[in-house]
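# A structural walkthrough
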Amino acid sequence: MAVSAEPELITLKNGVRLALDPMPGLHTAAVGAWVRVGARWEPAADNGVAHLFEHMAFKGAGGRDAQAFAEAIEAVGGSMNAATGYERTAYYARVTKAHTAYALDLIADIMLAPHWEPAELEKEKAVVRQEMGEAFDAPDDRVFEVHQAALYPDQPLGRPILGSEETLAGISVDTLSAFRDAHLTGSGLVIAAAGAYDRDAVIAAAEARFGALPPGSGPPPEPARPHAGAAGEVRKLEQTHLVMSWPGLPTGDEGAYAQRLMVEIFGGGMASRLFQEVREKRGLAYAIDAYSEAYDDIGRIGVYAGCDPKEAQGVLEAVQAVLEGLADRGPTEAELLRAKAMLSAGLLMGAESPASRAEARASQVFIRNALIPFEALASRFEAVTADEVKARAQAALSGPAVRVALGPKAGVRAVVGAG
């Protein structure tokens, strides 16, 4: 029987969903398991457990120690990695067609049959502490942690994904086990494969390894409660690092297409208004760009900039003026066409990568429980009007804004004291 070249979504009896997306002409595949859990589900005392869980996954599993496990995936020419966010944890691999089901079996081992030895846990805590130090030493990373804490104080979304020295110290093997048992459920798991794979073998591996997970979707996270305000962290640096943000849309909102276009026009590239005004025309900052982020119940539009401390106030004012101008007059026809071309092309380029495609399919399942053609997504960008883009800029300005700065005292004072 001929295998369909169309993507398909399969749901197992316990709610586990499989997003299978064949890519004719390839010889390799990306396969992974995405779990609806992350730092948003952590109690304050266990901050960092989701990330530590991911780290411990590679300390050995399924009867193999850490070295044997690494050798198992490399013996078939594959590679494996993982990532933790606030709302998702992912384990994924890249392999040749013949070994896709085998890779999924290894992923199942690290999720369901890990080796959690107390001594190895302490070693991995030391590794995470080094990761914390690296993040602290990178000001363009650290400033986003300061921003997150200012925006969501005393909430899971405001705490660092890596955790803290204090919370890491209290996490035990029992903590890891309890966290997994509470959150690894059928409806909370999506398995995605994209590229060249043996369909029947992947389905069989998924059923054999994940078909016994308890049904349901697990407990919901604590609702987000954004706060307005300003915060700063004085550091001995040459530059001031700034993050400014305004309300955006949550995951799955239909207005997200207009918002993405608005962010692209606002500060998405070298032709954007921010880059042209703040860097090219006024020379206020070396680096500046806009971004959007979305969670299940809330979203955010933001700007990052790195500048000389004496220019921090000017950058702050210029960014605000550019956003207000976009809200007042909307985009030009040329800007809208250029943004549509950039986002549509980026979407289609990403769809040519098995890894990007598998991740996108997993996201589609979590958000809409459906697989949407990438061409259809591109057409949604094409349908957005200038008025819709303008409305998204207006909406951003209507809610609580946050500004944070990290660097020399003069730059921090200029930003935190502004307003």
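A brief look at the structure comes next. Just so we're clear, the structure is a prediction, and the values are computed from it rather than from any experiment.

### Some details on helix H3 (residues 100-112)
Quick reminder: α-helices carry 3.6 residues per turn. Residues three or four places apart thus point the same way. With 13 residues, H3 extends 18 Å from end C-alpha to end C-alpha; this agrees with the ideal 18 Å at 1.5 Å per step. With ten of its 13 residues buried, H3 lies for the most part within the structure.

### So, the packing of aromatic side chains
The full count for this structure, using the stated rule, is six aromatic pairs. Both rings, one in phenylalanine 53 and one in tryptophan 116, keep their centres 5.3 Å apart while their planes meet at 70 degrees; by these two values the pair is edge-to-face. With phenylalanine 53 in helix H1 (residues 49-56) and tryptophan 116 in the loop between H3 and helix H4 (118-137), this residue pair connects regions lying 63 residues apart in the sequence. As far as burial versus exposure is concerned, phenylalanine 53 and tryptophan 116 are alike and both buried. Counting every residue linked through ring pairs, the aromatic cluster contains Phe144, Tyr291 and Tyr304. Taking the ring centre of phenylalanine 366 as reference, the NZ or CZ of arginine 88 above it sits at 4.3 Å.

### A few points about the environment of glutamate 277
You can see glutamate 277 is positioned in helix H10 (residues 273-281). Overall, glutamate 277 belongs to the partly exposed group, its relative accessible area being 26%. If sequence neighbours within four positions are ignored, glutamate 277 has contacts with Arg282 and Val322.

### Focus on the side chain of threonine 100
The residue threonine 100 is located in helix H3 in this model. Excluding residues within four positions of it along the chain, threonine 100 makes contact with Ala29, Val31, Val95, Ala196, Tyr197 and Val202.

### A few points about unusual backbone geometry
Its identity is not glycine, yet aspartate 154 carries a phi of approximately 55 degrees, on the positive side. Mapping aspartate 154 onto the fold places it in the loop between helix H5 (139-151) and helix H6 (165-169). For aspartate 154, a relative accessible area of 73% gives the class exposed. Positive phi outside glycine occurs at asparagine 369, with the angle close to 55 degrees. Mapped onto the elements, asparagine 369 comes out in the loop between helix H13 (354-368) and helix H14 (374-383).

### A few points about empty space enclosed by the protein
Tallied over the full model, the rule gives one cavity of 30 Å³ or more. In this structure, the largest cavity encloses a volume near 120 Å³. Of all the elements in the fold, those that place two or more residues in the lining of the largest cavity are H1, strand S7 (89-96) and helix H7 (173-183). Among the elements that take part in the lining of the largest cavity, H7 stands out by supplying three residues, more than any other.

### Observations concerning the packing of helix H9 (residues 256-267) against helix H15 (residues 386-397)
Two numbers describe how H9 lies on H15: the axes approach to 8 Å, and their chain directions differ by 80 degrees. Judged on the interaxial angle alone, H15 and H9 are roughly perpendicular. In this structure, H9 uses Ala258, Gln259, Leu261, Met262 and Ile265 to contact H15, whose residues at the interface are Glu388, Val389, Arg392 and Ala393. Its residues assigned to classes, the contact of H9 with H15 comprises six nonpolar, one polar and two charged.

### Let's talk about the layout of surface pockets
Size it by volume and the largest pocket reaches roughly 1,400 Å³. Contributing elements (two or more residues each) for the lining of the largest pocket: strand S3 (28-35), strand S6 (79-84), S7, H9, strand S11 (287-294), helix H12 (333-350), H13 and H14. Here the element with the most residues in the lining of the largest pocket is H13; it accounts for twelve residues. With six residues, the single largest contributor to the lining of the second largest pocket is H5. When grouped by side-chain class, the residues that make up the lining of the second largest pocket number eight nonpolar, three polar and six charged.

### Comments concerning the sheet that holds strand S8 (residues 189-195)
What the six strands build is an open sheet, ordered S1-S2-S8-S3-S7-S6; its pairing is mixed. Of all strands in the sheet, those with a lone pairing partner are strand S1 (8-11) and S6, marking the two edges. Within the sheet, the average angular offset between the axes of one strand and its neighbour, ignoring direction, is 15 degrees. The pairing of S3 with S7 spans eight bridges and is antiparallel. Along S7, the bridge assignment pairs alanine 33 with tyrosine 91.

What counts and how
- Residues numbered from 1 in each chain as written.
- Predicted model: local features only at pLDDT ≥ 70, side-chain atom pairs only at ≥ 80, totals over all residues.
- Heavy atoms only, no water.
- Helix = DSSP H or I, 4+ residues; strand = E, 2+ residues; numbered from the N terminus.
- Expected span 1.5 Å × (residues − 1).
- Buried < 20%, exposed > 50% of the residue type's maximum accessible area, 1.4 Å probe, protein only.
- Phe/Tyr/Trp six-rings, centres within 6.5 Å; stacked < 30°, edge-to-face > 60°.
- Lys NZ or Arg CZ within 6 Å of the ring centre and 35° of its normal.
- Contact = heavy atoms within 4.5 Å.
- 1 Å grid on protein atoms, 1.4 Å probe; cavity = no way out; pocket = protein on both sides within 12 Å on 5 of 7 lines; lining within 4 Å.
- Points joined across faces, edges and corners; volume = space filled by probe spheres on them.
- Axes fitted to C-alpha atoms, helices over the stretch in contact; angles between N-to-C directions.
- Parallel < 35°, antiparallel > 145°, perpendicular 65-115°, else oblique.
- Nonpolar A, V, L, I, M, F, W, Y, C, P; charged D, E, K, R; others polar.
- Pairing = 2+ DSSP bridges.

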